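So you can see what is in the structure, the chains are spelled out below.
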Amino acid sequence: MNILVTNDDGINAKGIKALVGALSGLGKIYVVAPDSQKSACGHGITIHGPVMVEEVAYEGAEKAWAVSGTPADCVKLGVSMLIPGTIDVLFSGINQGGNMGTDILYSGTVSGAIEGILLGIPSVAVSFDTNTGVDFGPSKIISRTVCKRMMTKELERETLLNVNVPYIPEDQIKGVQITKLGIREYTESFQERKDPRGGLYYWYSGSPTNVFSEEDTDVMAIEKGYISITPIHFDLTNYRIINDIKDWGIKYESNAK
Ligand code: MN
């Protein structure tokens, strides 16, 4: 089995090293990851410039490449240019910081997995709900468990598994919940500063507030001490109101008449 590992925290992040370690022995591991921190880059790809690629030595990996682009760039390049043979499963992470609810729209970690499913590869994103904690033990265990299960179960096409692990001592983790996306609201705050030459700049410093309105959400599972697994697809259509919008009767009336 060939496993593609990517992330958005960069190829030297502790989380991706932990992930490679967690999946060790389950297949040939190929690492294709950004050469620097790319968190919150969403599903961006590089089209107006070159993407630099450097093959690097990487413990536990068959081969590894550091890429100057985004996670989506890494997955595209890895699959079509770099990795010999086909990829059977893709893992993105282990991200430093949770990716729940609305986070997934910004997350490079989740976008790496979305790019995987766009290319027809069963894909998993794994995030550890702390920006500072580095005990990836439970995240490694669940990554390995999910990877083994991916080898025996068939995941519906166009669907990825988004895994979040709570930042609590391992003996307090209550288990696994299969969830839906919850709601995270961000306080929209920016720090206003001056650069050394007097130019004004802003640095985003928003932080999320979890909304605990529904029981079976990812944010609620993490709050209660469970590992959350959410099946995600990228069809953002709101099917519920398609007919309502048809009833609006929006017509195109040309000015040329
Ligand atoms: Mn990240």
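Note that this is a predicted model, so its numbers are computed, not measured.

1. Details of a nonpolar patch on the surface
Next up, step 1: Taken together, the side chains of F190, L200, Y202 and Y204 present a nonpolar region at the surface, about 450 Å² in accessible area.
Next up, step 2: Ranked by the residues each element gives to the nonpolar patch, the list is headed by strand β11 (residues 200-204), at three residues.
Next up, step 3: Along the chain, L200 falls in strand β11.

2. Re the sheet that holds strand β5 (residues 89-96)
Next up, step 1: Strand order in this open sheet of nine strands is β3-β4-β2-β1-β5-β6-β7-β13-β8, and the pairing throughout is mixed. The open sheet has two edge strands, β3 (53-56) and β8 (175-178), and neither has a second partner. On average, adjacent strands in this sheet sit at an angle of 20 degrees to one another, irrespective of strand direction.
Next up, step 2: As paired strands, strand β2 (residues 28-34) and strand β4 (residues 63-67) are joined by five bridges and run parallel to one another. Bridged to V31 within β4 is A64.
Next up, step 3: The sheet contacts of helix α2 (residues 71-82) involve β1 (2-6), β2, β3, β4 and β5, and relative to β2 the element is tilted by about 135 degrees.

Reading the values: rules and limits
Numbering of residues starts from 1 in each chain and follows the order in which that chain's sequence is written. In keeping with the model being predicted, local features are shown solely for residues with a pLDDT of at least 70 and side-chain atom pairs are shown and tallied solely at 80 or more, while totals for entire chains, interfaces and linings include all residues. Working from all heavy atoms in the structure, the side-chain values ignore hydrogens and water. Patch definition: residues above 30% relative accessible area lacking any salt bridge, with like charges linked at up to 9 Å and the nonpolar side chains Val, Leu, Ile, Met, Phe, Trp and Tyr linked at up to 5 Å. Only the protein chains shown count as cover for residues, and the accessible areas themselves come from Shrake-Rupley with a 1.4 Å probe. When a carboxyl oxygen of Asp or Glu lies within 4 Å of a side-chain nitrogen of Lys or Arg, that pair is called a salt bridge. Strands here mean DSSP runs of E at least two residues long; helices mean DSSP runs of H or I at least four residues long; both are numbered from the N terminus. Whether two strands pair comes down to DSSP finding at least two bridges between them. Every axis in this analysis is a line fitted to C-alpha atoms, fitted for helices over the stretch in contact. Angles between the N-to-C directions lie between 0 and 180 degrees. Note on contacts: a residue pair is in contact if any heavy atoms of the two residues lie within 4.5 Å.

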